[in-house]
Amino acid sequence: MSLLMPDSGLLFWMLLAFCVVFFLLAKFGFPIITKMVNERKEYIDQSLVTAREANEQLANLKAEGESILAKAHEEQTRILTEAAKTREHIVSEAKEQAKIEGNRLLEEAKKQILAEKEDAIRDIRRQVAVLSVDIAEKVLRKNLDDESKQTDMIERLLDEVNLSKN
Amino acid sequence: MNKLRYIVVVIFSLFALNMSFAQEEHGEDVNAGEIVMEHISDSYEWHITKIGGTDIVIPLPVILYSHNSGWHVFSSHHLYPAGKEHEGFRIATEGDYEGKIVETNANGEEVRPIDISITKTVLALLINCLILVLIILGCARWYRNKKPEDPAPKGFVGFMEMFIMMVENDVIKACIGKEYKRYSPYLLTAFFFIFINNIMGIIPIFPGGANVTGNIAVTFVLALCTFIAVNVFGNKEYWKEILWPEVPTWLKFPVPIMPAIELFGIFTKPFALMIRLFANIMAGHSAILALTSIIFVTVSMGVVVNSLMTGVSFLFIIFMDCMEILVAFIQAYVFTMLSSVFIGLSRQEHAE
């Protein structure tokens, strides 16, 4: 029966040893290990969630990028056509303007020419009048030397006046 | 095939060794029962082996407090062979205190002094505790200056981490429930304490081979701790279940039959834990030793029988050792699991 009777000395040492072991392990051993493992587990779970989110975001980003690219393409074609239109417009406008300007210049030139011409004519007329008077004077001076011719002349002039009156 | 050949060679060499032993020891009576009892009970010295005629023994310190003469500390080799007297103390060879240190008081009666000697079991216990603390604190040391983002440990620390988490998740968490964090250090300590002591007990040479967990004082302390963990931290629901269980009133009113049974149950649960662990480990040690003794018992039956029985016993010992390794784990597991279940029962909320 001695096997079934706990020995007091051993009981004492066992109690002491187990309490010390328990204290050491419960304070510095197991909680540190289990805490770290649980933290690591949490970290892994979190990382998985984050990774999934990141993947989703990446997919979103990709789609977004594609849509932006498509939009940019559209914009590009739009701008190009607009530019072409604008260019045409500008060219045609410029052409028209040039035409108008040309016409205007032409007109002005014409007017100027006309004015010059009239001026010249007036000048010539005046000159002609002066010349004719001079010539007439000379002619008259020569032809009216004799009496008969003077009388002829007067007569003819008178005739002429009459003629023009009738 | 190669391995098989090795095993055969080993067995045959053992046969040869055994025969030489048999011739040498012929004529000496082998008392198997005595050998087994000597091993599973405690002693004041650590007998390692016997080479030729000399015993190789580690003497251990004897620490005594006598009511007559106060404290005594001396080496145990003064007390051997059993019966030799030193400072008024001797090891009793018969009577109630057989194998224990006794002194004779004024009336001429044999009395036990207060005996806290470092016996074989105590030394083995202390060594195993040291190993356990070193292993676990060594593992915990790895985690210092580590962040959760760091990679998991490899090698031994990784194995221990897996082992610890297996016990915590599959046993403690599963049996206690959500309040498991509070009890987990105790239960893990109990598990690894029992496990390391069991395993060290299987190793046949110093510092293993002592029968620590197969000693009732050791299992008594473990069961006491579980008893405290269950009853001191038990909630109101637990005590109500014991003192006023939901049974027909006549079972609890004039004569409190059910409360008495429940109160008795408080003590039987840890008692069962104590006896289960003690008996399993003790029986394992006894079985291995008894099988080993077959070799020496059959010496007197002649060389042929002896050789044959040696082979048989050798195979059985291998089988038993493998089984004991399994038992070492299972008993630690069962103790922890049942403790967890009892704690879980003491913390349960009222279930409708």
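Bear in mind the structure is a predicted one, so any value in this text is a computation, not a measurement.

Undergrad: Quick rundown of the overall build of chain A? Include the residues and the values.
TA: A count of helices and strands for chain A gives 2 helices and 0 strands. Relative to the 2.2 N^0.38 estimate, which gives 15 Å for 166 residues, the radius of gyration of chain A is 64 Å and therefore markedly larger than a compact globule would have. Dimensions along the principal axes, computed over C-alpha positions, put chain A at roughly 205 × 25 × 20 Å. Considering chain A as a whole, with its 166 residues, one finds that 10% of them fall into the buried category.

Undergrad: Provide a residue-level description of helix 6 (residues 216-232) of chain B, including the pertinent values.
TA: Residues and elements named next belong to chain B. End to end, helix 6 covers 23 Å across 17 residues, agreeing with the expected 24 Å (1.5 Å per residue, within 8%). Most of helix 6 sits out of view: 12 of its 17 residues are buried. Along helix 6, the residues classified as buried are I216, A217, V218, T219, V221, L222, A223, C225, T226, A229, V230 and N231. N-capping of helix 6 is provided by N215, with a side-chain oxygen placed 3.2 Å from the backbone N of A217.

Undergrad: Let's hear about helix 2 (residues 32-40) of chain B: which residues, and what values?
TA: All names here are of chain B. Looking only at helix 2, the buried set comprises V36, H39 and I40. With its buried residues spanning 90 degrees around the axis, helix 2 presents them on a single face. Opposite its buried face, helix 2 presents the exposed residues E34 and E38, each directed more than 90 degrees away. Packing partners of the buried residues in helix 2 comprise helix 3 (120-142) and helix 8 (257-297).

Undergrad: Tell me what's going on with the packing of aromatic side chains, and back it up with residues and numbers.
TA: Residue and element names in this part refer to chain B. Enumeration according to the criterion identifies 23 aromatic pairs over all chains in this entry. For the ring pair F227 and F267, a centre distance of 5.4 Å and an interplane angle of 25 degrees mean the geometry is stacked. In this pair, F227 sits in helix 6 while F267 sits in helix 8, placing the two residues 40 residues apart along the sequence. Given a relative accessible area of 23%, F227 falls into the partly exposed group. The aromatic ring of W142 is capped on one face by K146, whose charged end is 4.5 Å from the ring centroid.

Calculation rules
Residues numbered from 1 in each chain as written. Chains lettered and ligands numbered in written order. Predicted model: local features only at pLDDT ≥ 70, side-chain atom pairs only at ≥ 80, totals over all residues. Heavy atoms only, no water. Helix = DSSP H or I, 4+ residues; strand = E, 2+ residues; numbered from the N terminus. Rg over C-alpha atoms; globule rule 2.2 N^0.38 Å. Buried < 20%, exposed > 50% of the residue type's maximum accessible area, 1.4 Å probe, protein only. Expected span 1.5 Å × (residues − 1). Polar contact = N/O pair within 3.5 Å; in protein donor to acceptor, adjacent residues only side chain to side chain. Arc of directions from axis to C-beta. Contact = heavy atoms within 4.5 Å. Phe/Tyr/Trp six-rings, centres within 6.5 Å; stacked < 30°, edge-to-face > 60°. Lys NZ or Arg CZ within 6 Å of the ring centre and 35° of its normal.

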